[in-house]
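Inside the fold
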Amino acid sequence: MLAVELLSSDNIITPGNAPVETNVPPNWPYSLCPNFSNWLPGDIVLFRSGRQLKDTAIVLAQACSFSPVTRAGCQFVHAAIYVGVGDIVDITASGVAKRSVWTYCEHHTTTVRRYGGLDALERNRIAQFALSLVSQGHAYSWSQLVGSKLIPGTEPQTDGLYCSTLVGLAYQKAAGVQLHARWFYKPLYPATLSEHMALDKVLLEWRPM
Amino acid sequence: MQYMIDATPASDHRPDERAEEKAMRKNNNEVYTAEATVTSIACELDLLVAQTGDDLEFHLSPPLLPDAVENFAEGQTLVIQYMGQLAPKVLKVEIAGG
């Protein structure tokens with residue numbers, strides 16, 4: 001059944017009467033597949049908190065934010081850009097990388113947000129920009145992440161990337177979209193993106209292949 | 001004796017923290033033009049930050065800018081045409097009076 005959140009594969013029992021998914025990535029490792037035929041390059045993919053201590057720390061930090069938007073979405077702990085064929089680009093402590101959505105949706109509830117005012121060319125530019133960061137080998141910026149949370153008014157810099165600033169940077173550089181422009185969307189965190197009112201919710205479901 | 005019971009949930013008495021956002025969402029597809037002042041320039045990042053009078057902050061890079069980042073100065077005024085209020089999409093940037 002279509003919903004705004006895709007439960008992790010270890011939490012679902014049966015996909016119900018969902019149609020067969022036609023856009024299955026090669027080597028998809030599971031018998032069910034998200035409805036990738038409804039996902040578009042440039043979509044923002046967000047993951048809910050799992051069972052890790054690190055996730056709990058991010059939830060708590062976001063819950064203490066000055067922004068009511070970030071507080072409202074504090075259960076989302078990671079953000080990535082969908083680049084097509086079941087893949088995302090994200091940044092973790094090991095750097096920027098292209099990974100399968102499966103890396104996260106196996107154990108994390110997933111949700112997808114879409115900026116409505118983009119054409120296909122702009123969407124592809126965002127995806128290509130994200131992929132270009134993979135080849136440039138950007139490193140994760142713990143100092144930006146911690147500093148922007150501890151010091152009110154401090155903003156993450158575009159060269160000090162963590163997951164949500166990578167999304168913000170790709171939208172800004174590739175399509176001119178300023179996701180961070182309002183005070184209540186600064187700094188950008190996964191929680192901020194999940195509750196961002198300029199982003200639409202994409203309906204998701206597990207489908208048989 | 002009859003008592004009046006307030007049926008409104010307690011949460012509805014609180015000010016809506018997100019009212020500003022909700023009001024702006026209605027104008028999300030409209031095109032606006034605003035003057036913005038350059039507040040910082042980072043040549044090494046090819047990035048210029050400009051702020052409008054109502055605290056809307058734009059991060060601008062080529063090819064959206066009419067000139068290279070190093071040719072702008074802090075305090076300079078830009079005219080920015082953009083779509084939407086919540087996550088404005090920059091359509092055009094000009095130098096004021098240029």
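Residues numbered from 1 in each chain as written. Chains lettered and ligands numbered in written order. Predicted model: local features only at pLDDT ≥ 70, side-chain atom pairs only at ≥ 80, totals over all residues.

Some thoughts on the pairing of strand β2 (residues 47-52) of chain B
Residue and element names in this part refer to chain B. We count it as follows: One bridge is not enough; two strands pair if DSSP finds at least two bridges between them. The numbering of helices and of strands both runs from the N terminus, where a helix is a DSSP run of H or I of at least 4 residues and a strand a run of E of at least 2.
Bridging between strand β1 (residues 31-42) and β2 involves six bridges; their strand directions are antiparallel. The partner of T37 across the bridge, within β2, is Q51. The hairpin formed by β1 and β2 contains four residues between the paired strands, and D46 there has a positive phi angle of roughly 55°. From the end of β2 to the start of strand β3 (residues 57-60), which pair antiparallel, there are four residues, and D55 there has a positive phi angle of about 65°.

Topic: the interface of chain A and chain B
How large an interface is tends to be reported as the accessible area lost when its parts come together. What counts here: Whether two residues are in contact is decided by their C-beta atoms, placed from the backbone, lying within 7 Å. Under the scheme applied here, ten amino acids are nonpolar (Ala, Val, Leu, Ile, Met, Phe, Trp, Tyr, Cys and Pro), four are charged (Asp, Glu, Lys and Arg), and all others, including Gly, are polar.
Facing the 20 residues of chain A at the interface are 21 residues of chain B. Breaking the side of chain A that touches chain B down by element, the ones donating at least two residues are α2 (68-72) and α6 (163-175) of chain A. Per element, the largest residue contribution to the side of chain A that touches chain B is three residues, and it comes from α6 of chain A. The class makeup of the residues in the side of chain A that touches chain B is 11 nonpolar, six polar and three charged.

Quick look at the packing of helix α4 (residues 120-136) of chain A against α6 of chain A
Residues and elements named next belong to chain A. Rules: To get an axis, a line is fitted to the C-alpha atoms, and for a helix only the part in contact is used. The angle between two axes follows their N-to-C directions and goes from 0 to 180 degrees. Angular relationships are summarised with four words: roughly parallel below 35 degrees, roughly antiparallel beyond 145, roughly perpendicular across 65 to 115, and oblique for the angles in between. Helix crossings fall into two classes, left-handed where the near helix is turned counterclockwise from the far one by less than a right angle and right-handed where it is turned clockwise.
Relative to each other, α4 and α6 sit at 125°, their axes nearing to 9 Å. Here α4 is positioned oblique relative to α6, judged by the angle of their axes. For the crossing formed where α4 meets α6, the hand is right-handed. Contacts between α4 and α6 pair E122, R125, I126, F129, A130 and L133 from the former with L166, A170, Y171, K173, A174 and A175 from the latter.

A short note on α6 of chain A
The α-helix winds at 3.6 residues per turn, so residues separated by three or four positions along the chain end up facing the same way. Where we set the bar: Take the residue count of a helix, subtract one, and multiply by 1.5 Å to get its expected span. Each residue is classified by how many other C-beta atoms fall within 10 Å of its C-beta atom, where C-beta atoms are placed from the backbone; a count of 20 or more means buried, 12 or fewer means exposed, and values in between mean partly exposed.
Its 13 residues place the ends of α6 of chain A 18 Å apart at the C-alpha level, agreeing with the 18 Å of an ideal helix rising 1.5 Å per residue. Burial analysis of α6 of chain A places 13 of its 13 residues in the buried class, the great majority of the element.

Quick notes on the pairing of strand β5 (residues 87-92) of chain A
Residue and element names in this part refer to chain A. Of all six residues in β5, five are buried; the element is thus mostly enclosed. By the bridge criterion, three bridges tie strand β4 (residues 76-84) to β5 in an arrangement that is antiparallel. For I81, the partnering residue across the bridge sits in β5 and is V89. Following β4, the chain reverses through two residues before pairing antiparallel with β5; V85 in that reversal takes a positive phi of roughly 50°. Pairing geometry for β5 and strand β6 (residues 95-100), over six bridges, is antiparallel. Residue pairing for β6: T92 is matched across the bridge by G95. Hairpin connection of β5 to β6: two residues between the antiparallel strands.

Considerations on the sheet that holds strand β4 (residues 77-83) of chain B
Residues and elements named next belong to chain B. Strand order in the open sheet formed by five strands is β3-β2-β1-β4-β5, and the pairing between neighbours is antiparallel. Of all strands in the sheet, those with a lone pairing partner are β3 and β5 (89-95), marking the two edges. Taking the axes of each pair of neighbouring strands and ignoring which way they run, one obtains an average angle of 35° across the sheet. Where β2 lies against β3, four bridges are found, and the strand directions are antiparallel. Bridging from a neighbouring strand, Q51 pairs with E57 of β3.

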